Amino acid sequence: MTDQTHRTAKLSVGEKTLDLPMYSGTLGPDVIDIRRLYADGDVFTFDPGYTSTGSCESAITFIDGDKGELLYRGYPIEQLAEKSFFIEVCYLLLYGELPTAAQLEDFENRVTNHTMLHDQMSYFFRGFRRDAHPMAIVCGVVGAMSAFYHDSTDIRDAWQREVASIRLIAKMPTIVAWAYKYSIGQPFVYPKNSLDYASNFLNMCFSVPAAEYTVDPILSRAMDRIFTLHADHEQNASTSTVRLASSSGANPFACIAAGVACLWGPAHGGANQACLEMLREIGTVDRIPEFIARAKDKNDPFKLMGFGHRVYKNFDPRAKVMKQSADEVLGLLGIENNPTLQVAKELEKIALEDEYFIEKKLYPNVDFYSGIILDAIGFPTSMFTPIFALARTVGWITQWKEMISDPQLKIGRPRQLYTGPTARDYVDVEKRG
Ligand code: ACO
């Protein structure tokens, strides 16, 4: 943040006029610093859902919702999706710059060395009910990492923070794959360090000890691209949850488990599962108008899953890449006539021409097409959100590291507009009427 305290916004509160400092970032709208508002003006701001509140200063990811632009450390997501790959993107997010060849090799080695889980953790998995949702297992196991890796829970130690970050990025594919294997009653497959990040994940999900399995490079590339597109998204609900949890000084594994829990909801990461289920429910193109009408009906809680975004009021740039990827993957697999893809394409076309969606600036988001690719790869819908969590872990951990190293770190503690009863005296039970 550049120091521009000479610029102020004036706010009149009753008799008082407050001069509130203003700052500019490198991109995006200016901000008004309201930190002294309560002390000087005896008032709070009221912003449920935080639509006008900047909660932190960050140099990681930038979104221009009107333009439909997403930058990781300044690099456009379209360029990264086309030219880079997930492990390089992880390095970029964590350390701020694209790595040299030597830095990349060293980083890949470090991640690869941490892919195995403490063997006792396999018993922990077995404690879950067979029919548990994989997100429930992932949430529990990530939180439980703090019980297995005591040597990387001291957040004041920069080295331990680094080890925890690498461990989380390295072990998430193993945790998510094992949650899947457990849910279908197949043996856990150990990581294979000769494979790249995405191929290793696919191998742990789809190979079995009884048969040979070779990872299809087309699917591995599609998987890697899904990871890249989901890697970070500035201060969204789950990232803000991670930041809030960590503001109290909680250990990194507990904080990331909090992020996983928040991501699960259908308004956030759970939308990819909900979207594919909706597309299947629609089933055929002729039923689309019925569902569009329901989405517009104020008395019907139904929403078109995969449409709309708090920040994007234009095409989600990730959805554009994802759509292209879905076409490629389904084409290469020879299943381009997939009825779900047909419904998705037609639904997108109709919604984009509809007055309601135009007026409210509701465009397809990243979840609209990701489910179609994951389905083609062979994942059940219950695995879609855990895969999102796997990819977002690097974003969460990068934001966590940025926050912990900030000398201005304070516990996150919003205020409220209280509308409950005023103070009153306790009444004994026999006197209550
Ligand atoms: N279908 C129909 N109408 C919608 C939709 C939708 N998908 N999304 C928003 N609207 C309508 C709302 O009903 C509201 O109408 P109103 O002004 O008449 O009351 C208006 O558009 C504004 O919507 P809000 O819910 O206020 O917008 P908000 O920014 O709070 O919510 C959200 C954004 C949660 C993503 C919402 O658009 C939604 O629920 N979409 C479907 C779920 C989804 O796809 N989530 C994934 C988000 S991306 C991600 O997390 C990776």
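Computed from a predicted model, the values in this text were never measured in an experiment. Within each chain, residue numbers correspond to sequence positions counted from 1 in written order. Note on the predicted model: pLDDT of at least 70 is required for a residue's local features to be given, and 80 or more for side-chain atom pairs to be given and counted; whole-chain, interface and lining totals, by contrast, use all residues. Heavy atoms throughout the structure, all of them, feed into the side-chain values; hydrogens and water do not.

### Remarks on the overall build of the protein
For clarity, the threshold we go by: Every helix listed is a DSSP run of H or I at least four residues long, and every strand listed is a run of E at least two residues long, numbered separately from the N terminus. Two things to know: the radius of gyration comes from C-alpha atoms, and the globule rule equals 2.2 Å times the number of residues to the power 0.38. Between buried and exposed lies partly exposed: a residue is buried under 20% and exposed over 50% of the maximum accessible area for its type, with that area taken using a 1.4 Å probe on protein chains only. Note on contacts: a residue pair qualifies if any of its non-hydrogen atoms lie within 4.5 Å across the two residues.
When helices and strands are counted, the protein shows 18 helices and 6 strands. Relative to a compact globule of 433 residues, whose C-alpha radius of gyration would be 22 Å, the protein shows 24 Å and is just as compact. If you line up the protein on its principal axes, its C-alpha atoms span 75 × 65 × 55 Å. Out of the 433 residues in the protein, the part that is buried amounts to 47%. In the protein, of all internal contacts separated by at least 6 residues, the share reaching a separation of at least 24 is 69%.

### What about the pattern of salt bridges?
Our working definition: We count a salt bridge whenever a side-chain nitrogen from Lys or Arg sits within 4 Å of a carboxyl oxygen from Asp or Glu.
Counted by the stated rule, this structure contains 21 salt bridges. For the salt bridge of Asp 300 with Arg 294, the shortest nitrogen-to-oxygen distance reads 2.8 Å. Given the relative accessible area of 18%, Asp 300 is considered buried. Here Arg 294 falls in the partly exposed class, since its relative accessible area comes to 30%. Across the salt bridge formed by Asp 327 and Lys 345, the nearest N and O atoms sit 2.9 Å from each other. Placement of the pair is Asp 327 in helix 14 (residues 317-332) and Lys 345 in helix 15 (residues 339-353), with a sequence separation of 18 residues. The exposure class of Asp 327 is partly exposed, given its relative accessible area of 33%. Salt bridges sharing common partners tie together Asp 106, Arg 110, Glu 162 and Lys 401.

### Focus on the sheet that holds strand 1 (residues 8-13)
Heads up, the rule is: The criterion for strand pairing is that DSSP finds at least two bridges linking the strands in question.
Taken in spatial order, the 3 strands of this open sheet run 1-2-3, and their pairing is antiparallel. Here the strands that pair on one side only, and so sit at the sheet edges, are strand 1 and strand 3 (31-32). Pairing of strand 2 (residues 16-23) with strand 3 involves 2 bridges; the strand directions are antiparallel. Looking across to strand 3, one finds that Tyr 23 is bridged to Val 31.

### Focus on the packing of aromatic side chains
Condition: Any pair of Phe, Tyr and Trp rings, taking the six-membered ring for Trp, is counted once the centres come within 6.5 Å. Such a pair is stacked with planes under 30 degrees apart, edge-to-face with planes over 60 apart, and tilted for the rest. Charge-over-ring placement is defined geometrically: NZ (Lys) or CZ (Arg) within 6 Å of the ring centre, and within 35 degrees of the ring normal.
Counted according to the given criterion, the structure contains 24 aromatic pairs. When the centroid spacing of 5.4 Å and the interplanar angle of 55° are considered together, the rings of Phe 86 and Phe 227 count as tilted. Placement of Phe 86 in helix 3 (residues 86-95) and of Phe 227 in helix 9 (residues 217-230) is noted, with a sequence separation of 141 residues between them. For Phe 227, a relative accessible area of 0% translates into the label buried. Relative to Phe 128, the ring of Phe 124 lies with its centre 6.1 Å away and its plane at 85°, an arrangement referred to as edge-to-face. We classify Phe 124 as partly exposed; its relative accessible area is 34%. Ring pairs connect the aromatic residues Phe 86, Tyr 180, Tyr 197, Phe 201, Phe 206, Phe 227 and Phe 379, which therefore count as one cluster. Cation over ring: Arg 130 sits above Tyr 182, and NZ or CZ is 4.2 Å from the ring centre.

### Remarks on the site of the ligand
Note the following rule: Nearness of a residue to a molecule or strand requires only that one of the residue's heavy atoms be within 4 Å of it. By the criterion applied in these results, polar contacts are pairs of N or O atoms within 3.5 Å in which, for protein atoms, one can donate a hydrogen and the other can accept it, and in which residues neighboring in sequence qualify only through two side-chain atoms. Note on areas: these come from Shrake-Rupley sampling with a 1.4 Å probe, and a residue is covered only by the protein chains present in the view. Amino acids are sorted into nonpolar (Ala, Val, Leu, Ile, Met, Phe, Trp, Tyr, Cys and Pro), charged (Asp, Glu, Lys and Arg) and polar (every other residue, Gly among them).
Taken together, the neighbourhood of the ligand is formed by 21 residues, with Lys 298, Leu 304, Gly 306, Arg 310 and Lys 360 sitting nearest. At 2.9 Å, a side-chain N or O of Arg 310 approaches an oxygen atom of the ligand. Here a nitrogen atom of the ligand and a side-chain polar atom of Tyr 356 are 3.0 Å apart. Across the complex, the protein chains shield 74% of the 930 Å² of accessible surface that the ligand would expose by itself. Of the residues contributing to the shell around the ligand, the split by class is 11 nonpolar, 5 polar and 5 charged.

### Focus: the UniProt feature "active site" (unreviewed entry) in the protein
Quick note on the threshold: UniProt positions are given in the numbering used here, feature names are shortened, and annotations may be inferred rather than shown by experiment.
Here, UniProt's "active site" (unreviewed entry) annotation points to His 309 and Asp 367. The greatest C-alpha distance among the annotated residues, which extend across 59 residues, is 10.6 Å, indicating that they converge on a single site. Of note, His 309 is situated in the loop between helix 13 (288-296) and helix 14. On the basis of relative accessibility, which here comes to 24%, the residue His 309 falls in the partly exposed class. Apart from residues lying up to four places away in sequence, His 309 is in contact with His 233 and Arg 318. A polar side-chain atom of His 309 sits 2.9 Å from the main-chain amide nitrogen of Val 311. In this fold, Asp 367 is placed in helix 17 (residues 367-377).

### Focus: helix 7 (residues 158-184)
Cut-off, in case you're wondering: Expected helix span is given by 1.5 Å per residue-to-residue step, counting one fewer step than there are residues. In this scheme, the bend at a residue equals the angle between the axes fitted to the seven residues that finish there and the seven that begin there.
Here helix 7 is 27 residues long and its end C-alpha atoms lie 39 Å apart, about the 39 Å a rise of 1.5 Å per residue gives. Helix geometry: helix 7 is bent most strongly at Lys 171, by close to 40°, with proline Pro 173 lying one to four residues after it. With a side-chain oxygen positioned 2.9 Å from the backbone nitrogen of Trp 159, the residue opening helix 7 is Asp 157. Backbone geometry just downstream of helix 7 places Gly 185 in the positive-phi region, at approximately 75°.

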